[in-house]
Amino acid sequence: MNPEYWDPLTFDHAMRMVVGMDCDLVKFTQSTERHMAVINRYWDGKGRVLDYGCGIGRLTRRLALTADEVVGADISQGMLNYAREVARSGNTKWYLIEGLPILYPDKFFDFGLCFLVLEHLNKAEAKAVVDEIRRLCKSYLLELSAFGNPNNTIAKPQAGFPASNLSWSQGEIPDSWGQVNLWDDNGLNRWLVYRGPE
């Protein structure tokens with residue numbers, strides 16, 4: 001995880017990470033609606049929620065409309081500053097991730113979300129993040145870029161970051177993570193990994 005890479009990025013950069021290089025505010029908003037429609041299939045809209053890798057808080061703000069409490073967590077202070085400025089909900093907190101573990105007790109959150117994050121990490125880092133989400137959350141929904149995405153213009157490798165880390169084959173996803181389903185996100189194949197409450 002490299003906060004120095006993410007801190008100077010602007011709202012425009014965040015949009016490109018979510019939507020692709022030909023992004024605009026309309027496409028960005030459409031992607032948020034599309035992603036929330038999927039999230040709402042797995043989440044009851046209540047409880048204490050963790051948005052891990054929240055970036056500028058686009059999903060965090062939507063989760064906060066019905067959740068009891070939402071924590072948006074990210075490694076970038078710059079992204080969190082932007083998220084805090086545009087947030088309008090009193091039930092949202094922002095947490096700077098400076099390493100693992102995150103300073104919350106086991107199973108503190110009813111639901112955890114990790115969208116458009118893991119493809120930016122090497123596989124060992126991604127597994128450590130998922131282990132932490134599993135520790136913190138009673139249930140969760142993860143998104144992983146599926147192996148073999150043609151022309152992946154959303155997630156671009158950082159310097160020295162092998163492109164093979166952008167995609168996962170189903171065999172690379174441990175069974176212990178949860179139920180795996182393939183999802184077509186507007187032409188990009190993604191894995192959704194869901195673990196319900198135990």
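Here, the structure is the one placed above.
Notes on the structure in this doc start here.

Criteria and cut-off values
- Here, residues in each chain are numbered from 1, in the same order as that chain's written sequence.
- Since the coordinates come from a predicted model, pLDDT governs what is reported: local features require at least 70, and pairs of side-chain atoms require 80 or more to be given and counted, while whole-chain, interface and lining totals use all residues.
- As a rule here, side-chain values come from all non-hydrogen atoms in the structure, and water together with hydrogens is ignored.
- Pairs of strands are assigned from DSSP output, requiring at least two bridges between the strands.
- The helix and strand labels rest on DSSP assignments: H or I over at least four residues marks a helix, E over at least two residues marks a strand, and numbering proceeds from the N terminus.
- With axes taken as lines fitted to C-alpha atoms, and helix axes fitted only over the stretch in contact, angles between N-to-C directions fall between 0 and 180 degrees.
- The contact criterion used is simple: two residues touch if any of their non-hydrogen atoms lie within 4.5 Å.
- Burial classes: relative accessible area under 20% of the type maximum marks a residue as buried, over 50% as exposed, and values in between as partly exposed (1.4 Å probe, protein chains only).
- Here is how to tell: hold the view so the strands point away, follow the path from the first strand over the helix to the second, and if it runs clockwise the crossover is right-handed.
- Within this document, salt bridges are pairs made up of a side-chain nitrogen of Lys or Arg and a carboxyl oxygen of Asp or Glu, the two lying within 4 Å of each other.

## What to know about the sheet that holds strand 2 (residues 69–74)
Spatially, the 7 strands line up as an open sheet ordered 3-2-1-4-5-7-6, and their pairing is mixed. Edge positions in the sheet fall to strand 3 (92–96) and strand 6 (179–185), since each has one partner strand and no second. The sheet shows a mean angle of 20° between the axes of neighbouring strands, taken without regard to direction. Bridging between strand 1 (residues 48–52) and strand 4 (residues 111–114) involves 3 bridges; their strand directions are parallel. Bridge assignment links D51 to a residue of strand 4, and that residue is L113. Contacting strand 1, strand 4, strand 5 (140–145) and strand 7 (188–195), helix 6 (residues 123–136) crosses the sheet at an angle of about 165° to strand 5.

## Some details on the pairing of strand 5
Judged by how many residues are buried, strand 5 sits mostly within the fold: 6 of 6 residues are covered. In strand 5, alternate side chains face the same way, and those of Y140, L142 and L144 on one face and L141, E143 and S145 on the other are all buried. Sheet topology places strand 4 next to strand 5; 3 bridges connect them, and they run parallel. Looking at strand 5, one finds that C114 is bridged to L142. Crossover connection from strand 4 via helix 6 to parallel strand 5: handedness right-handed. Direction of pairing for strand 5 relative to strand 7: antiparallel, over a ladder of 6 bridges. Counterpart to Y140 in the pairing with strand 7 is R195.

## Some remarks on the pattern of salt bridges
Taken as a whole, this structure holds 11 salt bridges when the rule is applied. When the shortest N-O distance is used, the salt bridge between R48 and E69 registers 3.6 Å. Note that R48 is positioned in strand 1 and E69 in strand 2, a separation of 21 residues in sequence. E69 serves as the salt-bridge partner of K93, at 3.2 Å between the closest nitrogen and oxygen. In this pair, K93 is assigned in strand 3 and E69 in strand 2, connecting sequence segments 24 residues apart. Residue K93 is classed as partly exposed on the basis of its relative accessible area of 44%. Among the residues examined, E69 registers a relative accessible area of 16% and is labelled buried.

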